[in-house]
Amino acid sequence: MTEKEKVHIFDTTLRDGEQSPGASLNIQEKVEIARQLEKLNVDVIEAGFPASSPLQFEAVNRISAESGKTVAALCRATEGDIQSAAKALSQARHPRIHTFISTSDIHILGKFGHDRYGKTLAEKQATILRMAVDAVTMAKSFCQDIEFSAEDAGRTNQTYLAEIISAVIEAGATCVNIPDTTGYTWPSEFGQRIRNLRQHVPNIADAIISVHCHNDLGLAVANSLSAVENGARQVECSINGIGERAGNASLEEVVMALKVRSDLHNFATDIVTEEIYNTSRMVSSFTGMIVQPNKAIVGDNAFAHESGIHQDGMLKNRQTYEVMTPQSVGVPETHIVLGRHSGKHGLQSRLAALGYKLEAQELENVYQRFLNLADKKKEIYDDDLRVLMGDEMQKTAEPIELDYLHINSGTSSIPTATIRIKTPDGTYEESSTGDGPVDACFRAIERAMKLESSLLNSYSVRSTTAGRQALGEATVRLRDKNAFFTGRGVSTDIIEASAKAYIQALSLRQDALRQNITTSIDNGI
Ligand code: KIV
Ligand code: ZN
């Protein structure tokens with residue numbers, strides 16, 4: 001058999017994925033996900049967009065300091081952005097600067113409309129080409145591995161696209177990325193675009209062709225695979241397909257499609273597919289973005305068989321209704337249940353199996369939470385542990401804590417909440433009525449914290465496991481000018497979980513204010 005051709009997997013969960021509405025991650029969570037991506041064996045971890053905020057800078061810096069993988073940092077084609085990316089990557093063993101600029105007519109006219117970029121479209125295109133080449137040349141002075149992205153390449157004039165791609169390769173780009181930024185293209189059309197570049201860019205063999213497909217029409221994975229068939233050798237994708245708007249191509253779908261249908265082609269990735277499920281769950285629990293039950297590969301129903309005919313077929317031969325085994329993507333066959341008597345060691349080894357590496361103090365903290373939970377809930381499942389870990393990752397330097405909560409609510413009474421909060425500066429107690437118990441609770445917190453206006457941007461609550469004793473996980477997102485803070489709270493009582501989530505988000509905001517890292521730019525992607 002001929003040797004398989006490698007398709008590089010570039011994971012953008014921590015950059016484009018984090019741009020999903022409501023998915024902001026703190027630094028510790030990003031570091032933990034990067035460690036798991038390393039176990040998954042992705043080729044490139046795109047860790048963030050350093051110039052967009054001090055938080056992003058710090059995350060890229062921390063991940064590149066510890067990762068053995070190629071770590072990419074995104075930057076616009078500007079001097080300041082490139083310098084910031086290079087600085088954030090300064091400790092990386094394998095740094096990659098990923099610079100981008102828009103190339104489609106619609107983007108150029110919209111984003112570079114000012115006359116200083118040229119008066120006509122042709123003049124503006126010439127300016128963009130120069131900016132792209134300058135950016136790659138400058139980036140090359142910091143590191144060898146340079147990726148250039150032609151933003152909205154899916155709708156870019158193909159002659160111009162070929163011209164700019166050729167020029168950036170000439171300037172030193174080692175990887176040229178062809179994003180379908182708006183998820184507009186059709187698989188055969190997108191494949192043809194890749195083929196066209198291979199035919200019309202004379203130096204194309206000097207760079208790896210990458211694709212980055214968005215899922216606005218649900219075609220991101222199909223487009224990525226079509227691109228591979230036509231010459232792309234890097235696919236940019238994210239865990240659970242998270243990303244801007246409808247998201248990016250989902251890593252698990254791209255990888256498993258290539259693996260399961262290897263009878264059709266000669267491509268392979270280096271992904272350790274047995275780590276897919278743990279990675280998916282970790283990303284879902286840290287981002288608070290629930291995986292839809294019928295999601296391919298990682299959804300709860302992906303390997304569930306409901307009808308009698310299917311169950312009967314499965315019992316006789318699993319292949320009647322399954323094209324891959326749950327084990328091949330790391331879905332556990334049996335659900336291991338922990339309880340009060342499991343002990344610290346039992347907890348530690350279960351957490352390790354789920355992909356969490358803990359320092360001694362972290363383990364101690366999680367163990368205490370585990371014991372508290374075991375008092376309320378007899379059986380503790382993997383998803384409960386993931387939630388506890390999510391809680392642990394949200395710790396701040398000087399936490400604000402919920403000390404006391406009393407709720408009065410019912411079918412014929414006005415919902416009232418009394419709350420006591422401990423902050424590094426003192427203890428504050430307040431009461432408030434509200435439209436419902438959660439509203440009353442949030443109002444009492446706002447009074448206690450002396451907030452002039454509510455910073456609440458969004459709120460959601462979900463049950464993490466099934467059954468009456470299930471843990472409720474609340475997510476609260478606050479917006480303070482340009483910065484977002486997402487807090488999570490868990491409890492078997494959803495009002496308490498909601499209060500904890502609000503207070504956690506305030507804690508994260510306080511932390512950022514203290515470190516003066518609340519500003520972020522509109523990244524213009
Ligand atoms: O969707 C897009 O075009 C991007 C680029 C910055 C790669 O995310
Ligand atoms: Zn994107």
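For the structure itself, look to the data block above.
Residues numbered from 1 in each chain as written. Chains lettered and ligands numbered in written order. Predicted model: local features only at pLDDT ≥ 70, side-chain atom pairs only at ≥ 80, totals over all residues. Heavy atoms only, no water.

> Give me the lowdown on the sheet that holds strand E14 (residues 456-463), citing residues and values where you can.
Through backbone hydrogen bonds, the strands of a sheet pair up, either in parallel or in antiparallel fashion. Taken together, three strands build an open sheet; the order of strands is E14-E15-E16 and the sheet is antiparallel. In this open sheet, the two strands that pair with only one neighbour each are E14 and strand E16 (483-491). Between one strand and the next, the sheet's axes are offset by a mean angle of 15°, whatever the strand orientation. The pairing of E14 with strand E15 (residues 472-480) spans seven bridges and is classified as antiparallel. Within E15, the position partnered with Arg462 by the bridge is Glu473. Sitting on the sheet, helix H16 (residues 494-515) is in contact with E14, E15 and E16, with an inclination near 145° to E16. (Pairing = 2+ DSSP bridges. Helix = DSSP H or I, 4+ residues; strand = E, 2+ residues; numbered from the N terminus. Axes fitted to C-alpha atoms, helices over the stretch in contact; angles between N-to-C directions. Contact = heavy atoms within 4.5 Å.)

> I'd like to hear about the pattern of salt bridges, residue by residue, with values.
Inspection of every chain in the model, using the stated rule, returns 33 salt bridges. A salt bridge links Asp270 to Lys6, with the shortest nitrogen-to-oxygen separation between them at 2.6 Å. Remark: Lys6 occurs in strand E1 (residues 5-6) and Asp270 occurs in the loop between strand E10 (267-268) and helix H10 (276-287); sequence separation between them is 264 residues. Asp384 is paired through a salt bridge with Lys377; the nearest N and O atoms lie 2.7 Å apart. A cluster of three or more residues bridged by salt bridges with shared partners is formed by Glu29, Arg462, Glu473 and Arg488. (Salt bridge = Lys/Arg side-chain N within 4 Å of Asp/Glu carboxyl O.)

> Account for the site of ligand 1, naming residues and giving values.
Looking at ligand 1, the residues that line it are Arg15, Asp16, His98, Phe100, Ser149, Glu151, Asn177, Pro179, Thr181, His212 and His214. Asp16 has a polar side-chain atom sitting 3.0 Å from an oxygen atom of ligand 1. Across the complex, the protein chains shield 99% of the 260 Å² of accessible surface that ligand 1 would expose by itself. Among the elements of the structure, strand E5 (94-102), strand E6 (145-151) and strand E7 (175-180) are those that each provide at least two residues to the shell around ligand 1. Taken together, the residues of the shell around ligand 1 sort by class into two nonpolar, six polar and three charged. (Near = heavy atom within 4 Å. Polar contact = N/O pair within 3.5 Å; in protein donor to acceptor, adjacent residues only side chain to side chain. Areas by Shrake-Rupley, 256 points an atom, 1.4 Å probe, with all protein chains shown as cover. Nonpolar A, V, L, I, M, F, W, Y, C, P; charged D, E, K, R; others polar.)

> Describe unusual backbone geometry, listing the residues and the values that go with them.
With the exception of glycine, the majority of residues adopt a negative phi angle, and the majority of peptide bonds are in the trans configuration. For Arg245, which is not a glycine, the phi torsion comes out positive at approximately 50°. In this fold, Arg245 is placed in the loop between strand E9 (234-237) and helix H9 (251-260). Overall, Arg245 belongs to the partly exposed group, its relative accessible area being 44%. Positive phi outside glycine occurs at Ile297, with the angle close to 70°. Residue classification places Ile297 among the buried residues on the basis of a relative accessible area of 8%. (Buried < 20%, exposed > 50% of the residue type's maximum accessible area, 1.4 Å probe, protein only.)

> Got a sec to walk through the packing of helix H7 (residues 187-200) against helix H8 (residues 220-229)? Specific residues and values, please.
Axis separation between H7 and H8 bottoms out at 8 Å; the angle between their running directions is 35°. Crossing handedness for the pair H7 and H8: right-handed. Side by side, H7 and H8 meet where Pro187, Ser188, Phe190, Gly191 and Ile194 of the first sit next to Ala222, Asn223, Ser226 and Ala227 of the second. Tallied by class, the residues present in the contact of H7 with H8 amount to five nonpolar, four polar and no charged. (Left-handed = near helix turned anticlockwise from the far one by under 90°.)

> Just give me the short version of the sheet that holds strand E13 (residues 426-433), but keep the residues and values in it.
Ordered in space as E11-E12-E13, the three strands form an open sheet in which the pairing is antiparallel. The outermost strands of the open sheet, each flanked by one partner alone, are strand E11 (401-410) and E13. Each strand axis lies, on average, 5° off the axis of its neighbour in the sheet, ignoring direction. Pairing of strand E12 (residues 413-423) with E13, which is carried by eight bridges, proceeds in the antiparallel orientation. Bridge assignment links Ile419 to a residue of E13, and that residue is Glu430. Together, E11, E12 and E13 form the strand contacts of helix H15 (residues 437-448), whose direction differs from that of E13 by roughly 140°.

> Give me the environment of Ile208: which residues, what numbers.
Take Ile208: it is sitting in strand E8 (residues 208-213). Separated by 62 residues in sequence, Ile208 and Asp270 place their C-alpha atoms 17 Å apart. With residues up to four places along the chain from it excluded, the contact list for Ile208 reads His8, Thr174, Cys175, Val176, Arg233 and Gln234.

> I'd like a description of the coordination of the zinc ion (ligand 2), backed by residues and values.
Within the protein, the zinc ion (ligand 2) binds to Asp16 (OD), His212 (NE2) and His214 (NE2); these donor distances fall in the range 2.0 to 2.1 Å. For the zinc ion (ligand 2), the donor residues sit on a single chain with the sequence spacing D-x195-H-x1-H. One end of the pair, Asp16, is in the loop between strand E2 (8-11) and helix H1 (27-40); the other, His214, is in the loop between E8 and H8, with 198 residues separating them in the sequence. (Donors = N, O, S within 2.8 Å, 3.2 Å for Na, K, Ca; no water.)

> For the packing of aromatic side chains, give the residues involved together with the corresponding values.
Summed over all chains, the structure comprises six aromatic pairs. Consider the rings of Phe112 and Tyr117, whose centres lie 5.0 Å apart with planes at 85°: the pair is edge-to-face. By the burial criterion, Phe112 is buried, and Tyr117 matches it. Taken together, a centroid distance of 5.3 Å and an interplanar angle of 90° make the contact between Phe442 and Tyr459 edge-to-face. In this pair, Phe442 is assigned in helix H15 and Tyr459 in strand E14, connecting sequence segments 17 residues apart. On the basis of relative accessible area, Tyr459 is assigned to the partly exposed category, the value being 31%. Ring-pair connections join several aromatic residues into one group, and the members of that group are Phe442, Tyr459 and Tyr502. (Phe/Tyr/Trp six-rings, centres within 6.5 Å; stacked < 30°, edge-to-face > 60°.)

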